Amino acid sequence: MLIQDPYLNYSLEDFFWDERFRADVLNGGKDFAYWEEWVKLHPTHQPLVEKAKLMILSVYVDNITFHEDEIQQLVRDTQKILELDYVDDFPMEDATPARKMNRYWAIAASIVLMVVASWIFVEKNKSVNLSFQPSYENLIKAIPHQLIERVNQTNAPLIITLPDGTRTTLSTNSKISYPEKFIALDKREVFLVGEAFFEVVRNTQKPFLVYAEGLVTKVLGTKFRVRSYAIDKEVVVEVASGRVSVFANPKFANDDKKASNELSSIVLIPNQKVSFLKSDASIVKTLVNNPILLKPEQEAKKLINFDDTPIYTVFAVLKEVYGIDIVFDEELLAECSLNANLDGYSLYEQLNIICKALNGSYEVLDGRVIINAKGCFKK
Amino acid sequence: MNFSIANDNVIWQNLLTGDRNALAKLMHAFFRPLANYGLRFTSDKELIKDSVQELFIVLWERRDQLATSVNLKSYLFTSFRRLLLRKLKKIHKTSTITLDPIYVDSFSFVLGTESKIIASEQANNLSNHFNQLIAKLPERQREVVYLKFFESLSREEIANILEIAPQTVSNILQIALSKLKIATPESVWKFCTFPLVLLLVEYLF
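Here is what the cut-offs are and how they apply
Residues numbered from 1 in each chain as written. Chains lettered and ligands numbered in written order. Predicted model: local features only at pLDDT ≥ 70, side-chain atom pairs only at ≥ 80, totals over all residues. Heavy atoms only, no water. Helix = DSSP H or I, 4+ residues; strand = E, 2+ residues; numbered from the N terminus. Buried < 20%, exposed > 50% of the residue type's maximum accessible area, 1.4 Å probe, protein only. Areas by Shrake-Rupley, 256 points an atom, 1.4 Å probe, with all protein chains shown as cover. Disulfide = S-S within 2.5 Å. Axes fitted to C-alpha atoms, helices over the stretch in contact; angles between N-to-C directions. Parallel < 35°, antiparallel > 145°, perpendicular 65-115°, else oblique. Contact = heavy atoms within 4.5 Å. Nonpolar A, V, L, I, M, F, W, Y, C, P; charged D, E, K, R; others polar. Expected span 1.5 Å × (residues − 1). Arc of directions from axis to C-beta. Pairing = 2+ DSSP bridges. Buried area = accessible area lost by both parts, 1.4 Å probe. Salt bridge = Lys/Arg side-chain N within 4 Å of Asp/Glu carboxyl O. Polar contact = N/O pair within 3.5 Å; in protein donor to acceptor, adjacent residues only side chain to side chain. Patch = residues over 30% accessible without salt bridge, like charges linked within 9 Å, V, L, I, M, F, W, Y side chains within 5 Å. Lys, Arg positive; Asp, Glu negative; His and termini not counted. Charge placed at Lys NZ, Arg CZ, Asp CG, Glu CD.

Undergrad: Help me understand the overall build of chain B, please; the structure alone is not making it clear to me.
TA: When you go through chain B residue by residue, the secondary structure sums to nine helices and one strand. Along chain B, from the amino end to the carboxyl end, the secondary structure elements read α-α-α-α-β-α-α-α-α-α. For chain B, buried positions account for 49% of its 205 residues. Carbon together with sulfur atoms contributes 53% to the accessible area of chain B, which is approximately 10,100 Å² in total.

Undergrad: Help me understand the environment of B:Leu88, please; the structure alone is not making it clear to me.
TA: Residue and element names in this part refer to chain B. Note on placement: Leu88 falls in helix 4 (residues 72–94). Look at Leu88 and you get buried, because its relative accessible area is 0%. Between the C-alpha atom of Leu88 and that of Leu47, which follows or precedes it by 41 residues, the distance is 9.0 Å.

Undergrad: Can you help me understand the state of the cysteines in this one?
TA: Disulfides are covalent bonds that connect the sulfur atoms of two cysteines. Residues and elements named next belong to chain A. In this structure the tally under the stated criterion is one disulfide over all chains. Disulfide pairing is shown between Cys336 and Cys376; the S-S distance is 1.9 Å. Judged by the torsion about the S-S bond (105°), the Cys336/Cys376 disulfide is right-handed. Residue Cys336 is found in the loop between strand 16 (325–327) and strand 17 (337–341), and its partner Cys376 is found in the segment after strand 19 (368–372); the two are separated by 40 residues along the sequence. On the basis of relative accessible area, Cys336 is assigned to the buried category, the value being 2%.

Undergrad: Sorry, what's going on with the packing of helix 2 (residues 19–27) of chain A against helix 4 (residues 46–58) of chain A here?
TA: Packed helix pairs are specified by the crossing angle of their axes together with the interaxial distance, meaning the distance between the axes. Residue and element names in this part refer to chain A. Their axes nearest at 10 Å, the elements helix 2 and helix 4 cross at an angle of 70°. By the angle between their axes, helix 2 is roughly perpendicular relative to helix 4. The residues of helix 4 that touch helix 2, namely those facing Phe21, Arg22, Val25 and Leu26, are Val49, Ala52, Lys53, Ile56 and Leu57. Of the residues belonging to the contact of helix 2 with helix 4, the class tally is seven nonpolar, no polar and two charged.

Undergrad: Can you help me understand helix 8 (residues 166–180) of chain B in this one?
TA: Residues and elements named next belong to chain B. Taking 1.5 Å per residue, 15 residues should reach 21 Å; helix 8 reaches 21 Å between its end C-alpha atoms and fits that length. Turning to helix 8, its buried residues are Val169, Ser170, Ile172, Leu173, Ala176, Leu177 and Leu180. Along the axis of helix 8, the buried residues cluster in a sector spanning 165°; they form a single face. Along helix 8, exposed side chains directed more than 90 degrees from the buried face belong to Gln174 and Ser178.

Undergrad: What am I meant to see in the sheet that holds strand 16 of chain A here?
TA: To summarise the sheet geometry, strands pair through backbone hydrogen bonds and adopt either a parallel or an antiparallel arrangement. Residues and elements named next belong to chain A. Strand order in this open sheet of three strands is 16-19-18, and the pairing throughout is mixed. The open sheet terminates on both sides in strands that have one partner only, identified here as strand 16 and strand 18 (361–365). Neighbour-to-neighbour, the strand axes of the sheet open up by a mean angle of 25°, direction not taken into account. In terms of strand pairing, strand 16 meets strand 19 through three bridges, oriented parallel. In the strand pairing of strand 19, Asp325 is matched with Arg368. The strands touched by helix 12 (residues 347–358) within the sheet are strand 18 and strand 19, with strand 18 carrying the most contacts at an inclination of about 140°.

Undergrad: Hey, could you run me through the interface of chain A and chain B in this one?
TA: With 46 residues of chain A at the contact, the number on the chain B side is 56 residues. Here chain A and chain B share an interface that buries about 5,000 Å² over both sides, 65% of which is from carbon and sulfur atoms. Three residues stand out in chain A for area buried against chain B, namely A:Trp17, A:Leu54 and A:Phe66, and they jointly supply 16% of the buried area on that side. The interface formed by chain A and chain B contains eight salt bridges. Residues B:Asp44 and A:Arg243 are paired through a salt bridge, measuring 3.0 Å at the closest nitrogen-oxygen approach. Our count for the contact surface shared by chain A and chain B stands at 15 residue pairs in polar contact (both at pLDDT 80 or more). Broken down by secondary-structure element, the contributors of at least two residues to the side of chain A that touches chain B are helix 1 (12–16), helix 2, helix 3 (29–41), helix 4, strand 1 (59–61) and helix 5 (68–89) of chain A. With 13 residues, the single largest contributor to the side of chain A that touches chain B is helix 5 of chain A. Its residues assigned to classes, the side of chain A that touches chain B comprises 18 nonpolar, 13 polar and 15 charged.

Undergrad: Looking at this structure, how should I read a positive patch on the surface?
TA: A surface patch of like charges, here positive, comprises A:Lys218, B:Arg62, B:Arg86 and B:Lys90. Note that B:Arg86 resides in helix 4.

Undergrad: Where do I start with the environment of B:Gln132 in this structure?
TA: All names here are of chain B. In this structure, Gln132 sits in helix 5 (residues 120–135). Relative accessible area serves as the criterion here: at 53%, Gln132 is assigned to the exposed category. Measuring from C-alpha to C-alpha, the distance between Gln132 and Leu180 comes to 9.6 Å, with 48 residues separating the pair along the chain.

Undergrad: What exactly am I supposed to notice about the pattern of salt bridges here?
TA: Close approach of charged atoms allows side chains with opposite charge to pair. Taken as a whole and judged by the stated rule, the model has 26 salt bridges over all chains. Among the salt bridges present, the one from A:Lys295 reaches A:Glu320, with a minimum N-O distance of 3.1 Å. In this pair, A:Lys295 sits in the loop between strand 14 (282–287) and helix 10 (297–303) while A:Glu320 sits in helix 11 (residues 311–322), placing the two residues 25 residues apart along the sequence. Take A:Lys295: its relative accessible area is 22%, and that puts it in the partly exposed class. Salt bridges here are not isolated pairs; linked through shared partners, they connect A:Glu70, B:Lys45 and B:Lys49.

Undergrad: Please clarify how the pairing of strand 7 (residues 208–212) of chain A should be interpreted in this entry.
TA: In regular strands, side chains alternate between the two faces of the sheet. Residues and elements named next belong to chain A. In terms of burial, strand 7 is largely enclosed, as five of its five residues are buried. Alternating positions in strand 7 separate into two faces, Phe208, Val210 and Ala212 on one and Leu209 and Tyr211 on the other, with burial throughout. Bridge analysis of strand 6 (residues 188–199) against strand 7 gives four bridges, and the strand direction is parallel. Counterpart to Val190 in the pairing with strand 7 is Val210. Pairing of strand 7 with strand 8 (residues 215–219) involves five bridges; the strand directions are antiparallel. When the bridges of strand 8 are listed, Ala212 appears paired with Leu215. Linking two consecutive strands that pair antiparallel, namely strand 7 and strand 8, is a turn of two residues; a positive phi of about 50° is found at Glu213 within it.

The following block contains the structure:
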């Protein structure tokens, strides 16, 4: 009995969804040779096979792309975590001699501690309220284990590598405290007064927390800046990449704030910043003063050269290039278009140029750009 | 970047004996397939990165208890799916504000086209045609079609990942295909000319 080749009855769609045919097309070369032979035996089926092949090669799943750099960074961060955990398993080997050496230091430190403690006692009695303020000193006092403190009194930024591999660039007149090892199982905590830029090693299981006055910044693995000088009225957090959440330190919030939902965290994306007002612990979200390109420069250059481009496309491009949200009335501005090369201008200059063309204006509200314009006449 | 099965197994064995470089290699090789799969459930890139990292850290921590011979791809997909869906569920529960559209955890994918191969208008028509058909499928069928045809996983591997019987996978596929094999309208192909086919042949070899 002759078994008929089922492929002879295949339609275009049958070929497209056929497991074997699909695999042979995608692998190409030798695997596809079978079909070249098959087509020779059945020449009438050749157009069908060619069409199906084109179809399979043309249609693929549309993915959001991850840059190779991004993936390598993640792998490196993960390796760092594993290496540090490995070190944690054998930390005690040479701890004893070091301890002996430090004996005199320990005595000296305890004297200093006593002096500091009595000073704090006096200060405390002067003003009862002081201990309840979320100042750097008070925050550190509440930590049971010892911290390393680094101060930058030079005129140049100071780069510090934290125990988890995170890079910190400490600005002039700034101070940071962190533990010798991040021993807590569920978090990494550092304390800041002044300004610092953080490039955090991503560790999903241990969020990285920066305490600056009454504001807590929580991240997994990102680049961001915290500015919290004692003399300033506000704490500012700016995001360069990744995602950051900020919230008021619950320990220092008053009760009616705790009761209301004001303590919930605010999420920041790149090019957004928050200002935290120390006086009333209010948080305002805006955009950074100089938004940076989130795409490679060459790619961005090409994208922002507009030639009679519909305005909704223009805004979509800016949104993609800077990662910020632009809100506008799509219906109202449907007939508008832009003819301009925006290369070489800052985001705000670009928005000014667009708004001039639209005869409108823009404002920044809650970390987004809002466009106010009346619309255009049909050409 | 795709490892052969034999190579995969060597790397896996090295990982089990505590080779951190083996873990890094696997993570690098599987990041894109896992991330792309994850993006079918959420478009939150940061969440995807977190989940991939967590998956590999957990693998590392449990390396003493892991089986020495596994089907690596389906094992990683299974664990990753479980981990990600658990995270998404948690976000749904704790989120008080109206849900961000990127967290709506229904399985979806959109087909695009490679316009290098055929004329772009024709390519767009083609992907539109299939997108419309796929969008009409129920979620489960969509996921099986994705794993089968766009991740090239076997029936058994898909059964593992979705934690269902292989026979069920076959049944789902059969039903889905009956809905997908609707004839492509002639209009989609109206720009197809012979030189294009020649172009393709050049492109491939």
